[in-house]
Amino acid sequence: MNCLGGIRAAALCAAAAVLAMVSCTGDVQSPGIVPLPCSVAAGEGEFCLSADVPVYVCPDTREMRCAADELKELMERVFGTESCPGFIFCGSLDEVAHPAVTMVLSDRMPASSYSLEVSEDGVAVEGGDAAGVFYAVQTLRQLIPAEVQGFSGSVPAVPLQAVSVEDSPAFEYRGVMLDAARHFFSVDEVKTLLDIMAIHKMNVFHWHLTDDQGWRIEIDSFPELTRIGSVRKRTIVGKDPGGEYDETTQYDGTPHSGYYTKDDVREIVEYAAGRFITVVPEIEFPGHAVAAIASYPWLGCTGEQFEVRQTWDIDDRVFCIGRESTFSFFEEVLSEVAELFPSGYIHIGGDECPSKMWEKCPECRRRMEELGLESFRRLQGYGTGRIEKFLGSLGRSIIGWDEILEAGVSDSAIVMSWRGCDTGIEAAKRGNRVIMSPTEYSYFDYYQSSDIDAEPLAWGGYLPLEKVYSFDPYSGLDDGEKPLVLGVQANLWTEYIPDFTQAEYMLLPRLAAMSEVAWHGPCDKDYRDFRKRLPVLLQLYRTYGYRFCESGLCEM
Ligand code: ACM
Ligand code: ZN
């Protein structure tokens, strides 16, 4: 069937042909897909996708309707919002009239897996579950030239090369963390991040909601957390000298504020669920506490009134672990948090907690004496253990930054390894489950180009695309320990990321490399091949209006 006439058809078919030439396996016929699927085999012929091709979706469940909505959004990008294809939700496929798009479940496939077959009969998707079907739509997104995905609706049909794709993620946890405490991002910006995650097939949004510089989630029992704790009266300008502040330190003089109401949180959790993304909130304990203590001074060891922090370095002012009131506070806060987030995991922070305040605090010292704790790190462990037990009573597991390991956490806690891979390796050797998120591969607040002067101010460090791609989350583990690695996560700390376009710039295209680590796993990775496939995704970024770092692409 010749589905397009005239010059536009020739241009489109040429674009499709260029895409088809990019190969991930050495096969010149295979399309470029990122992350690289388990198998991609080009077939003979093509299928012309048009607005009048019927789409059959079986079974008719809420989750399958989410996957169907994603396809509808994609087709509207191409054919325009006016000419929407007919979606038929049914109990079985007996009635299908080809050519058609079919999206069905298969009980032969594991969760999140999918197959996608383009042939002259149409597009046939099978998923191990609705998430798998959703990921197949993301792959289809890359088979359609980005040039026609601009919502213009000016093309009557798109030729798709015949292809057969099979895919299954290497890791069940594929995370992106956004620090919304250092800089606040609006609900719409968070939704855009979720859209970006979805096209990369990432499935956990770790939302860093509390820190020294801002408390960003509404808690009914403690209204001062947002009235006081969400407002920083000014922010340091330029690079933080690290504790050395004096009259020469410059501030912007502008208050920075913002928090998510409970309705905002519900909206984001629902939006994420529609994209098969779980939202894991992080409520920091016992460090990174200044915004909370500024709101309720009795949460600190001295009871002093502080201001929400205006600089970026690690802070000594942490939650008091000697007083029972701190635990009553956390139980109330975490009960409200657990009600908002259906995730099985809640992140309780645990990183960078100095013990200076505890050393001078009679209540903290008394607690240590009573419990016979031999170090202040164990005092942290005691507090973390209580919080883990409380969250356990609500049916939730804790995730904590790797310091919780030194604090002596239980083996049911999940350790997020950030100070290198060694802490993750140690945790797995102890039998804890692990998420690998080490600075040297996962900190997307680091520079991605070596020409630092040409880049916006960043935290420091150097993490080019190729380095992200080279990440092997299993390195240092033996075969018996590897199943304890739940997955990987890219982290976007935002001390030096004041707005969302810069967040996009720091995230892209490094997230593409991380998604291939997360989906394809460490075997048979080939950076040159990845770079050959990447332009398909870069073109999508351009069409969708996502900012990305082009200079980082020159680092080889
Ligand atoms: C961290 O980067 N402080 C977890
Ligand atoms: Zn204390």
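Everything here concerns the structure above.
Just so it is clear, the model here is predicted, and its values are computed rather than measured. (Residues numbered from 1 in each chain as written. Chains lettered and ligands numbered in written order. Predicted model: local features only at pLDDT ≥ 70, side-chain atom pairs only at ≥ 80, totals over all residues. Heavy atoms only, no water.)

Looking at the overall build of the protein chain
For clarity, the threshold we go by: Under the DSSP-based scheme used, a helix requires at least four consecutive residues in state H or I and a strand at least two consecutive residues in state E, with every element numbered from the N terminus. It is over C-alpha atoms that the radius of gyration is taken, and the globule rule equals 2.2 Å times the number of residues to the power 0.38. Should any heavy atoms of two residues lie within 4.5 Å, those residues are counted as being in contact. To measure how exposed things are, a 1.4 Å probe is used in the Shrake-Rupley method; for residues, cover is taken only from the protein chains shown. Under this rule, positive means Lys or Arg and negative means Asp or Glu; His and the chain ends count for nothing. Lys charges are placed at NZ, Arg charges at CZ, Asp charges at CG and Glu charges at CD.
Counting secondary structure elements, the protein chain contains 18 helices and 21 strands. For the protein chain, the C-alpha radius of gyration of 25 Å lies close to 24 Å, the compact-globule estimate for 556 residues. Projected onto its principal axes, the C-alpha coordinates of the protein chain cover approximately 80 × 50 × 45 Å. Of all intrachain contacts in the protein chain linking residues separated by at least 6 positions in sequence, the fraction that spans at least 24 positions is 73%. For the protein chain, the computed accessible surface area is about 20900 Å², with 50% contributed by carbon and sulfur atoms. When the 47 basic and 86 acidic side-chain charges of the protein chain are each reduced to a single mean position, those positions are 4 Å apart.

Here's the deal with the sheet that holds strand S3 (residues 87-89)
For clarity, the threshold we go by: What makes two strands pair is DSSP finding at least two bridges between them. Helix axes are fitted only over the stretch in contact, all axes being lines through C-alpha atoms; the angle between N-to-C directions runs from 0 to 180 degrees.
One open sheet holds the seven strands; their spatial order is S1-S7-S5-S6-S4-S2-S3, and the pairing between them is mixed. Looking at the sheet topology across the chains shown, the edges are occupied by strand S1 (39-50) and S3. When strand polarity is set aside, the average angle formed by the axes of neighbouring strands in this sheet is 20°. Alignment of strand S2 (residues 55-57) against S3, held across three bridges, turns out to be parallel. Across the sheet, the residue bridging to Tyr56 is Ile88, located in S3.

Let's talk about the state of the cysteines
This is how it is decided: Here, a disulfide means two cysteine sulfur atoms that sit within 2.5 Å of each other. Partly exposed residues are those whose accessible area sits between 20% and 50% of the maximum for their type, while under 20% is buried and over 50% is exposed, using a 1.4 Å probe and protein chains only.
Counted by the stated rule, this structure contains one disulfide. The residue that forms a disulfide with Cys58 is Cys90, at a sulfur-sulfur distance of 2.3 Å. Within this pair, whereas Cys58 is found in the loop between S2 and helix H2 (62-79), its partner Cys90 is found in the loop between S3 and strand S4 (100-105), the two being separated by 32 residues in sequence. Note on accessibility: Cys58 and Cys90 belong to one class, buried.

Here's the deal with the side chain of Asp315
For clarity, the threshold we go by: What qualifies as a polar contact is a pair of N or O atoms within 3.5 Å, subject to a donor-acceptor requirement within protein and to the restriction that residues adjacent in sequence count only when both atoms come from side chains.
Position of Asp315 relative to the elements: it lies in the loop between helix H7 (290-295) and helix H8 (324-340). Here the side chain of Asp315 touches Arg309 through a polar contact of 2.6 Å, side chain to side chain. Polar side-chain contacts of Asp315 include one of 2.8 Å to the side chain of Arg317. Contact partners of Asp315, with chain neighbours within four places excluded, come to Asp212, Val290, Arg309 and Pro354.

Looking at the packing of aromatic side chains
Just so we agree on the cut-off: Pairing of aromatic side chains requires ring centres within 6.5 Å, counting the rings of Phe and Tyr and the six-membered ring of Trp. Pairs whose planes differ by under 30 degrees are stacked, by over 60 edge-to-face, and all others tilted. Throughout this description, the term charge over a ring refers to an Arg CZ or Lys NZ atom that lies within 6 Å of the ring centre and within 35 degrees of the ring normal.
Evaluation of the coordinates by the stated rule reveals 35 aromatic pairs. Between the aromatic rings of Trp207 and Phe341, the centroid separation amounts to 6.2 Å while the plane-to-plane angle is 80°, which identifies the pairing as edge-to-face. You can see Trp207 sitting in strand S9 (residues 204-208) and its partner Phe341 sitting in the loop between H8 and strand S15 (345-347), a full 134 residues away along the chain. We note that Trp207, like Phe341, is buried. An aromatic cluster is defined as three or more aromatic residues linked by ring pairs; in this entry it consists of Trp215, Phe222, Phe285, Tyr296, Trp298, Phe319, Phe327, Phe329, Phe330 and Tyr382. If you follow Arg65 out to its NZ or CZ, it ends over the ring of Phe89, 3.7 Å from the centre. Sitting above the plane of the Tyr469 ring, Lys525 keeps its charged end 5.1 Å from the centroid.

What to know about the layout of surface pockets
As a reminder, the rule being used: With a 1 Å grid spanning the protein atoms alone, the term cavity applies to any set of points in which a 1.4 Å probe fits but cannot get out, the term pocket to an open set with protein on both sides within 12 Å along at least five of seven lines, and the term lining residue to any residue with an atom within 4 Å of a point. Grid points are joined across faces, edges and corners, and a volume is the space filled by probe spheres set on the points. By the convention adopted, Pro, Cys, Tyr, Trp, Phe, Met, Ile, Leu, Val and Ala count as nonpolar, Lys, Arg, Asp and Glu as charged, and the other residues, Gly among them, as polar.
When its volume is computed, the largest pocket comes out at roughly 850 Å³. Taken together, 38 residues form the lining of the largest pocket, with Asn203, Ala273, Phe276, Ile277 and Thr278 sitting closest to its centre. Taken together, the elements giving at least two residues each to the lining of the largest pocket come down to H2, helix H3 (130-143), strand S8 (173-179), helix H6 (262-273), strand S14 (278-282) and strand S21 (485-492). If one sorts the elements of the lining of the largest pocket by residue count, H2 sits on top with six residues. When the residues that make up the lining of the largest pocket are grouped by side-chain class, the tally is 23 nonpolar, five polar and ten charged.

Some words on the coordination of the zinc ion (ligand 2)
Heads up, the rule is: Coordination partners: N, O, S within 2.8 Å of the metal, 3.2 Å for Na, K and Ca; water not considered, so apparent gaps in a site are possible. Square planar and octahedral sites, with four and six donors, are those where opposite donors lie more than 155 degrees apart and all other angles lie between 65 and 115, tetrahedral sites have four donors with every angle between 85 and 135 degrees, and the rest are irregular.
The protein atoms that coordinate the zinc ion (ligand 2) are Cys301 (SG), Cys320 (SG), Cys361 (SG) and Cys364 (SG), at distances of 2.3 Å. Each of the four donor atoms around the zinc ion (ligand 2) contributes to a set of angles spanning 105 to 114°, which defines the coordination as tetrahedral.

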